[in-house]
Amino acid sequence: MQKSFRVQNVECGGCANTIKEALREEFGEVDVDLMQEPRVIALEIKDEEAEASFRKKIRSLGYPMEDEELGAFTKGGLKAKSFISCAIGKMSDGGENS
């Protein structure tokens, strides 16, 4: 089933590229809508286990879900991690989607 998730810290095409590449093998095509705030990621989720895996992977990249309760320290750490993920995404697409 196609599901959409509101995700924080996604700023640009570099972020989107990192997310798409990190999730492609397990979830196939991933759409990152950079026109909405917070950003919306849409992908095929087959069951609760797949959704849990998606949430874990996206957070490990520094992009928490909008519905997560986060403390200030955790938010700061995830924001820093998302900057690194973004930079990696920019390098791997040649900066075309910045």
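Here the structure is shown first, and the text comes after it.
To start, this report covers the structure provided alongside it. (Residues numbered from 1 in each chain as written. Predicted model: local features only at pLDDT ≥ 70, side-chain atom pairs only at ≥ 80, totals over all residues. Heavy atoms only, no water.)

Some details on the overall build of the protein chain
Scanning the protein chain from terminus to terminus reveals three helices and three strands. Helices and strands appear in the protein chain in the N-to-C order β-α-β-β-α-α. The C-alpha atoms of the protein chain give a radius of gyration of 13 Å, which matches the 13 Å a tight globule of 98 residues would have. In terms of overall dimensions, the protein chain has C-alpha extents of about 35 × 30 × 20 Å along its principal axes. Sorting the 98 residues of the protein chain into buried and exposed places 41% on the buried side. Residue pairs in contact within the protein chain that sit at least 24 positions apart in sequence constitute 62% of those at least 6 positions apart. Accessible area of the protein chain: about 5,900 Å², with a carbon and sulfur share of 52%. (Helix = DSSP H or I, 4+ residues; strand = E, 2+ residues; numbered from the N terminus. Rg over C-alpha atoms; globule rule 2.2 N^0.38 Å. Buried < 20%, exposed > 50% of the residue type's maximum accessible area, 1.4 Å probe, protein only. Contact = heavy atoms within 4.5 Å. Areas by Shrake-Rupley, 256 points an atom, 1.4 Å probe, with all protein chains shown as cover.)

Looking at the nonpolar core
Ranked by internal contacts, the top residues of the largest apolar core, which has 21 residues, are Ile 19, Ile 41, Phe 54, Ile 58 and Tyr 63. The element that contributes the greatest number of residues to this core is helix α1 (residues 13-27), accounting for five residues. Not counting residues within four places of it along the chain, the set of residues in contact with Tyr 63 comprises Val 7, Gln 8, Asn 9, Val 10, Cys 15, Ile 19, Ile 58, Ser 82, Ser 85 and Cys 86. (Core = buried A, V, L, I, M, F, W, Y, C linked by side-chain atoms within 4.5 Å.)

Structural notes on α1
Remark: the principal bend of α1, roughly 25 degrees, maps to Glu 21. Within α1, the full set of buried residues consists of Gly 13, Gly 14, Cys 15, Ala 16, Asn 17, Thr 18, Ile 19, Leu 23 and Phe 27. Backbone geometry just downstream of α1 places Gly 28 in the positive-phi region, at approximately 75 degrees. (Bend = angle between axes of the 7 residues up to and from the residue.)

Considering the packing of aromatic side chains
A full pass over the atoms with the stated rule returns two aromatic pairs. Geometrically, the ring pair formed by Phe 27 and Phe 54 is edge-to-face, given 6.1 Å between the ring centres and 85 degrees between the ring planes. Here Phe 54 lies in helix α2 (residues 48-60) and Phe 27 lies in helix α1, a separation of 27 residues in the sequence. For the residue pair Phe 27 and Phe 54, the accessibility class agrees, reading buried in each case. Linked through ring pairs, Phe 5, Phe 27 and Phe 54 together constitute an aromatic cluster. (Phe/Tyr/Trp six-rings, centres within 6.5 Å; stacked < 30°, edge-to-face > 60°.)

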